[in-house]
Amino acid sequence: MLPRALLLALASAIGFFSACSRRETLVQAGDRQGILHIGNGAEVQYLDPHLAGGAIDHNVLSALFEGLITLDEETLQPRPGMAARWEMSPDGLVYTFHLRPDARWSNGDPLTTRDFLYSFRRALTPALASEYKDVFYPVKNAESYAKGQLTDFSQVGFQAPDATTLRITLAQPTAYFLTLLRTNAWFPVHAASVEKAGAFDDRSARWTRTAPFVSNGPFRLREWRESQHLSVEKNPHYWDAAHVRLNEIRFYPSESLQAQEFAFRAGQLHTTWDVPLSKIDAYKKDSPALLRVEPIFDSYFLRFNVTTPIFRDTRVRQAFALTIDREAIVKNILRGGQIPATGLTPPGIAGYRPPAGLATDPERARQLLAAAGFPGGKDFPKVEFLTIPQETNQRIAE
């Protein structure tokens, strides 16, 4: 589990393009206008929830869409979303969700269980190749359908007895099932919009570029200027619109954490999701009220290309793993309260505790490398290590 450091302005709201006087900061102007300005990292890749992945896309999609449930921001416990309530069978296999009768799309169309069935079928369709379709796999026959082993969607564990009742049958009891419903792939999409712009399984996501962009969350898309900002405005058709306090949110892309942190200090951003590693200690010491460290379920790991002969040998891969000093990385490099990863799944998910994992043991690594035919590293081929151009990833890689 990697706690994420965020910068939070005590005031609120700014906008690089907001109208404001020379005497007030953009944050102050945003406070006055009810506009929240967020440094969101890199550019959004997809506004199609069945194709999107990663936190950058999810931050925006969470404003535009809502699934059957949401999660409480403090406790992370499931709470009603498009489903006003639900029941679970005593054996933990069947969940019955009851949609809100007043559920609407942002264009005013009624949102029904048919929309959810359409969306689930689309997300699982093999030709769409949704990267995160495995979040459906606890559902009966969902994995078989996604892999093309089953072609009859009616055999997948989704049923809609009527327009507001959705029944989901699992293959086996899954303690964390409800939390999966918060992921992008479970969000509904507007069928008419999707099919007006292209085929059901079209990966181009052209429908997200066609006005009006129809969604069902607390906000609707206002404009998307690539490399500048993406703006969402309050959705008047949202079932809980009366309690949505913001008028608008603007997400600003930036590959540079330093640039975002500078914009924050200059009063141009309310908040950023990440802080330059070099700034964490200074904020802790000098401005603790502006720094918020909170846990997220996230794991960094290295992936070996086992199609190359050198990494087909498990002794070589294990030798690499034994040389990584996870304690030193989180203590001396990340410095944000992260914990060493001993397994791919972070601790704390439905009570899960990962195994102890491999300890750092360079001597054992040398022995394994020698046994694999490379004593002292002699004749070991050059290895190319790829990472993304983001400070945290680069520092970990180094």
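In the block above lies the structure referred to throughout.
Cut-offs used in this document
Residues numbered from 1 in each chain as written. Predicted model: local features only at pLDDT ≥ 70, side-chain atom pairs only at ≥ 80, totals over all residues. Heavy atoms only, no water. Helix = DSSP H or I, 4+ residues; strand = E, 2+ residues; numbered from the N terminus. Rg over C-alpha atoms; globule rule 2.2 N^0.38 Å. Buried < 20%, exposed > 50% of the residue type's maximum accessible area, 1.4 Å probe, protein only. Contact = heavy atoms within 4.5 Å. Lys, Arg positive; Asp, Glu negative; His and termini not counted. Charge placed at Lys NZ, Arg CZ, Asp CG, Glu CD. Salt bridge = Lys/Arg side-chain N within 4 Å of Asp/Glu carboxyl O. Expected span 1.5 Å × (residues − 1). Phe/Tyr/Trp six-rings, centres within 6.5 Å; stacked < 30°, edge-to-face > 60°. Axes fitted to C-alpha atoms, helices over the stretch in contact; angles between N-to-C directions. Parallel < 35°, antiparallel > 145°, perpendicular 65-115°, else oblique. Left-handed = near helix turned anticlockwise from the far one by under 90°. Nonpolar A, V, L, I, M, F, W, Y, C, P; charged D, E, K, R; others polar.

1. Comments concerning the overall build of the chain
Part 1: The number of helices and strands found in the chain is twelve helices and 13 strands.
Part 2: By the compact-globule yardstick of 21 Å for 398 residues, the chain fits well, its C-alpha radius of gyration being 24 Å.
Part 3: For the chain, the spread of C-alpha atoms along the principal axes amounts to about 70 × 65 × 40 Å.
Part 4: Every one of the 398 residues in the chain was classed for burial, and the buried ones make up 43%.
Part 5: A separation of at least 24 residues holds for 61% of the contacts in the chain among residues at least 6 apart in sequence.
Part 6: Across the chain, the 44 positively charged side chains and the 43 negatively charged ones have centroids separated by 2 Å.

2. Some thoughts on unusual backbone geometry
Part 1: Geometrically, the link from Ala211 to Pro212 is a cis peptide bond, its omega value of -5° lying close to zero.
Part 2: Residue placement: Pro212 occurs in the loop between helix H6 (191–197) and strand E9 (219–225).
Part 3: In the Ramachandran plot, Ala205 falls in the positive-phi region, its phi being about 60° despite a non-glycine side chain.
Part 4: With respect to the helices, strands and loops of the structure, Ala205 is situated in the loop between H6 and E9.
Part 5: Of note, the phi angle at Asp379 is positive, near 65°, even though the residue is not glycine.
Part 6: With respect to the helices, strands and loops of the structure, Asp379 is situated in the loop between helix H11 (362–371) and helix H12 (391–397).
Part 7: Its relative accessible area of 62% is what places Asp379 among the exposed residues.

3. A short note on the pattern of salt bridges
Part 1: The tally for this structure, following the rule as stated, stands at 17 salt bridges.
Part 2: Close ionic contact of Arg32 with Glu24 constitutes a salt bridge, the shortest N to O distance being 2.5 Å.
Part 3: By relative accessible area, which is 53% here, Arg32 ends up exposed.
Part 4: The residue Glu87 makes a salt bridge to Arg85 at a minimum N-O spacing of 2.8 Å.

4. Topic: helix H3 (residues 113–124)
Part 1: Spanning twelve residues, H3 covers 17 Å between terminal C-alpha atoms, matching the ideal 16 Å at 1.5 Å per step.
Part 2: Among all positions in H3, only Thr113, Asp115, Phe116, Tyr118, Ser119, Phe120, Arg122, Ala123 and Leu124 are buried.
Part 3: Where H3 is buried, its residues contact strand E6 (94–99), helix H4 (142–146), strand E7 (158–162), strand E8 (165–169) and H6.

5. A few points about the packing of aromatic side chains
Part 1: Per the counting criterion, the structure on display carries 23 aromatic pairs.
Part 2: Between Phe311 and Phe320 the ring centres are 5.4 Å apart and the planes differ by 85°, which places this aromatic pair in the edge-to-face class.
Part 3: Looking at Phe311, the relative accessible area reads 7%, which means it is buried.
Part 4: Looking at Phe320, the relative accessible area reads 29%, which means it is partly exposed.
Part 5: Taking the centre distance of 6.0 Å and the plane angle of 35° together, the rings of Phe320 and Phe380 count as tilted. You can see Phe320 sitting in helix H9 (residues 314–323) and its partner Phe380 sitting in the loop between H11 and H12, a full 60 residues away along the chain.

6. A closer look at the packing of H9 against H11
Part 1: Viewed as axis vectors pointing N to C, H9 and H11 meet at an angle of 160°, and their least axial separation amounts to 8 Å. If you check the angle between H9 and H11, you find them roughly antiparallel. With respect to the hand of their crossing, H9 and H11 are arranged in left-handed fashion. Seen from H9, the contacting residues are Arg315, Val316, Gln318, Ala319, Leu322 and Thr323; seen from H11, they are Pro362, Arg364, Ala365, Leu368, Leu369 and Ala371.
Part 2: Along the lines of polarity and charge, the residues of the contact of H9 with H11 split into eight nonpolar, two polar and two charged.

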